[in-house]
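# Inside the fold
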Amino acid sequence: DRMRGPFKLLFLLTALLVVNAVATSTSRKPTHPKCAFVTPIERLKTSKAVFSGRVLEVKESEGIQVARFKVSKSWKYVRTGELLVTNYIHHEGPYFHRGKDYLVYAYEREGKLSTGGCSGTAEVEFAQAEVRQLDKWRARNKSEGRAKS
């Protein structure tokens, strides 16, 4: 019984050291910022342009892609059939591929439509729910517009 006390203390100290080592080792790992959850409508309101389209051509250099899109649907700003979008490549952003369809949330940077990390831009095949929400928003706003006039 006399020896049990020191072993208990030794066990507690060892456990405390292990917990401390695990806690400090995980806090030293580089952490990447996570994109905040933003609804499609909130993104639409803060974006310069919102559209879906197919990438016709991509040019890339020094961490930047310039993609030429054929617009298939627009929810905000875009009126032309084709346009260029500058993509600042980021691990939490899109990477454009020729022939793929994207839902694009673009902001204006240096006078150009741009996208990048945490923009919300995604391949259309993975953004069907967002497209439906944007369509509902547009239908609701069109009907409200008619009701007011």
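Summary of the structure given here.

### Notes on the overall build of the protein
Each helix and strand in the protein was counted, giving 3 helices and 6 strands. The order of α-helices and β-strands along the protein, N terminus first, is α-α-β-β-β-β-β-β-α. Considering only contacts within the protein whose residues lie at least 6 apart along the sequence, 57% involve residues at least 24 apart. Accessible surface, the protein: about 10500 Å² in total, of which carbon and sulfur atoms supply 57%.

### Observations regarding the environment of Glu60
Residue placement: Glu60 occurs in strand E1 (residues 49-61). Residue classification places Glu60 among the partly exposed positions, given a relative accessible area of 44%. Glu60 sits 28 residues away from Tyr88 along the chain, and the two C-alpha atoms are 10.0 Å apart. Not counting residues within four places of it along the chain, the set of residues in contact with Glu60 comprises Gln65, Ile89 and Tyr95. At 2.4 Å, the side chain of Glu60 forms a polar contact with the side chain of Tyr95.

### A short note on the pairing of strand E3 (residues 82-88)
E3 sits mainly inside the fold: 5 of its 7 residues count as buried. Taken together, the 7 bridges between strand E2 (residues 64-76) and E3 define a ladder with antiparallel strand orientation. Note on E3: the bridge partner recorded for Val66 is Thr86. In sequence, E2 turns back onto E3 through a hairpin of 5 residues, with Tyr77 there showing a positive phi of about 75 degrees. In terms of strand pairing, E3 meets strand E5 (residues 112-115) through 2 bridges, oriented parallel. Within the sheet, the bridge partner assigned to Asn87 lies in E5 and is Thr115.

### Quick word on the state of the cysteines
The full count for this structure, using the stated rule, is 1 disulfide. Each sulfur of the disulfide joining Cys35 and Cys118 lies 2.1 Å from the other. On the sign convention where negative is left-handed, the bridge of Cys35 and Cys118, at about -85 degrees about the S-S bond, is left-handed. Highlighted residues: Cys35 in the loop between helix H1 (4-28) and helix H2 (40-46) and Cys118 in the loop between E5 and strand E6 (122-123), separated in sequence by 83 residues. Taking the relative accessible area as the measure of exposure, Cys35 reaches 33% and is therefore partly exposed. For Cys118, a relative accessible area of 31% translates into the label partly exposed.

Thresholds applied
Residues numbered from 1 in each chain as written. Predicted model: local features only at pLDDT ≥ 70, side-chain atom pairs only at ≥ 80, totals over all residues. Heavy atoms only, no water. Helix = DSSP H or I, 4+ residues; strand = E, 2+ residues; numbered from the N terminus. Contact = heavy atoms within 4.5 Å. Areas by Shrake-Rupley, 256 points an atom, 1.4 Å probe, with all protein chains shown as cover. Buried < 20%, exposed > 50% of the residue type's maximum accessible area, 1.4 Å probe, protein only. Polar contact = N/O pair within 3.5 Å; in protein donor to acceptor, adjacent residues only side chain to side chain. Pairing = 2+ DSSP bridges. Disulfide = S-S within 2.5 Å.

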